[in-house]
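# Structure assessment
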Amino acid sequence: MRARTNQAKDERRTAFLMAAMDEFFENGFAAARVDDIARRAGLSKGTLYLYFKSKKELFQGLIDMAAAPKRQQLEKIVSEAPTATAAIEGFLRFAPVIVRQSIVPRIIKVMIGDSRRFPEVAHTYNQQVIERTLGLIADILKRGHDNGEFTVEDPKLTASLVIAPIFMSLVWHILFEQDSSDGNDFVDLEALFSLHHKMLMKALGAGNTA
């Protein structure tokens, strides 16, 4: 039965995306079958094709669903921060949300598993998520340097250092925390990123510039 309202269409689209995420995560992008994704969603294969033409479009939809809201939140944090220093602090305080309250770790796992067979999948994520995040951080660092808040020789390279612990945490979460029965493998993300922030500010000479 065809969805009649925009809400019903959105619900079906979300159902297909979440079913695709489960299928990609459990079986890998290459082995995932559209028939199985439709079955997981409780809908027909024909209905799925009304919303997505291929597995690649499903993966793109997952990127949009995972990345767009978080990117908007990050951009809001950065735009409302009174200083570059405050923007970096806000960004790192938000990092645990990305790791533990989003499907980003699951997407990362799929890309690690199939990046060689389907490099365009990883390339799409790199362009639309990683590069844009790096650009956002690089702009903050350049602003802080220009304002005299701290010293940054290469904002773009330094941006990679700023977000490196986030990627480490994403991989750690998906590899070790998903099946941890006693919680011993869990990282205190709030403490981790607080420490990272302190070390980063010290390395940048925050508050010590002339």
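Further up the page is the structure itself.
Quick caveat: nothing in here was measured; it's all calculated off a predicted structure.

Calculation rules
Residues numbered from 1 in each chain as written. Predicted model: local features only at pLDDT ≥ 70, side-chain atom pairs only at ≥ 80, totals over all residues. Heavy atoms only, no water. Patch = residues over 30% accessible without salt bridge, like charges linked within 9 Å, V, L, I, M, F, W, Y side chains within 5 Å. Areas by Shrake-Rupley, 256 points an atom, 1.4 Å probe, with all protein chains shown as cover. Salt bridge = Lys/Arg side-chain N within 4 Å of Asp/Glu carboxyl O. Helix = DSSP H or I, 4+ residues; strand = E, 2+ residues; numbered from the N terminus. Axes fitted to C-alpha atoms, helices over the stretch in contact; angles between N-to-C directions. Parallel < 35°, antiparallel > 145°, perpendicular 65-115°, else oblique. Contact = heavy atoms within 4.5 Å. Nonpolar A, V, L, I, M, F, W, Y, C, P; charged D, E, K, R; others polar. Buried < 20%, exposed > 50% of the residue type's maximum accessible area, 1.4 Å probe, protein only. Expected span 1.5 Å × (residues − 1). Arc of directions from axis to C-beta. Lys, Arg positive; Asp, Glu negative; His and termini not counted. Core = buried A, V, L, I, M, F, W, Y, C linked by side-chain atoms within 4.5 Å. Phe/Tyr/Trp six-rings, centres within 6.5 Å; stacked < 30°, edge-to-face > 60°. Lys NZ or Arg CZ within 6 Å of the ring centre and 35° of its normal.

## Description of a nonpolar patch on the surface
Taken together, the side chains of Met168, Trp172, Leu175 and Phe176 define a hydrophobic patch exposed on the protein surface, amounting to about 390 Å² of accessible area. Relative to the helices and strands, Leu175 is located in helix α8 (residues 155–177).

## Notes on the packing of helix α6 (residues 104–114) against α8
Their axes nearest at 9 Å, the elements α6 and α8 cross at an angle of 85°. Between α6 and α8, the angle falls in the class roughly perpendicular. Between α6 and α8, the residues in contact are Val104, Pro105, Arg106, Ile108, Lys109 and Ile112 and Leu170, Val171, His173 and Ile174, respectively. Of the residues that constitute the contact of α6 with α8, the class distribution is seven nonpolar, one polar and two charged.

## Focus: the pattern of salt bridges
Considering all chains together, one arrives at 11 salt bridges under this definition. Where Glu23 meets Arg40, a salt bridge forms, and the shortest distance between an N and an O atom there is 2.6 Å. Residue Glu23 is located in helix α1 (residues 6–27), and its partner Arg40 is located in helix α2 (residues 34–41); the two are separated by 17 residues in the primary sequence. In this structure, the salt-bridge partner of Lys76 is Glu80, at a minimum N-O distance of 2.9 Å. Note that Lys76 and Glu80 are positioned in helix α4 (residues 55–80) at a spacing of four residues, about one turn of the helix. Residue classification places Glu80 among the exposed positions, given a relative accessible area of 54%. Taken together, the shared-partner salt bridges connect Arg33, Asp35, Asp36, Arg39 and Lys45 into one network.

## Some remarks on helix α9 (residues 189–204)
Compared with an ideal rise of 1.5 Å per residue, which puts 16 residues at 22 Å, α9 spans 22 Å between its outermost C-alpha atoms and is within 8% of the ideal. Leu189, Phe193, His196, His197, Leu200, Met201 and Leu204 are the residues of α9 that are buried. The arc enclosing the buried residues of α9, seen along the axis, measures out at 130°, which places them on a common side. Exposed side of α9, more than 90 degrees from the buried face: Lys198, Met199 and Lys202 are the residues found there. Those residues of α9 that are buried are in contact with α5 (84–100), α7 (119–146) and α8.

## Concerning the side chain of Lys70
Tracing the backbone through its elements, the reader meets Lys70 in helix α4. The side chain of Lys70 is buried and forms no salt bridge, while Glu75, the nearest opposite charge, is found at 13 Å. Contact partners of Lys70, with chain neighbours within four places excluded, come to Phe94, Val97, Gln101 and Ser102.

## Considering α6
Helical geometry note: an α-helix holds 3.6 residues per turn, so side chains three or four residues apart project in the same direction. Burial of α6 is extensive: eight of the 11 residues sit out of reach of the surface. Taken as a whole, α6 has its buried residues at Val104, Pro105, Arg106, Ile107, Ile108, Val110, Met111 and Asp114. Those residues of α6 hidden inside the fold are in contact with α1, α4, α5, α7 and α8.

## A few points about the nonpolar core
For soluble globular proteins, nonpolar side chains are generally found buried alongside one another. In this structure, Phe24, Leu58, Phe59, Ile107, Tyr125 and Leu141 are the most contacted members of the largest nonpolar core, which totals 63 residues. Of all the elements in the fold, those that place two or more residues in this core are α1, α2, α4, α5, α6, α7, α8 and α9. Setting aside anything within four residues of it in sequence, one finds Phe59 in contact with Phe24, Phe29, Ile107, Val110, Met111 and Val121.

## Observations regarding the packing of aromatic side chains
Geometrically, a pair of aromatic rings is defined through the distance of the ring centres and the angle of the planes. Under the defined criterion, the tally for this structure stands at six aromatic pairs. For the ring pair Phe16 and Tyr51, a centre distance of 5.8 Å and an interplane angle of 50° mean the geometry is tilted. With Phe16 in helix α1 and Tyr51 in helix α3 (residues 45–51), the pair connects residues that are 35 residues apart, well separated along the chain. Using a relative accessible area of 0% as the deciding quantity, one classes Phe16 as buried. Three or more aromatic residues joined by ring pairs make a cluster, and in this case those are Phe24, Phe29, Phe59 and Phe118. The ring centre of Phe29 lies 5.0 Å from the NZ or CZ of Lys55, which sits over that ring. Over the ring of Phe25 we find Lys109; its NZ or CZ atom is 4.8 Å from the centre of that ring.

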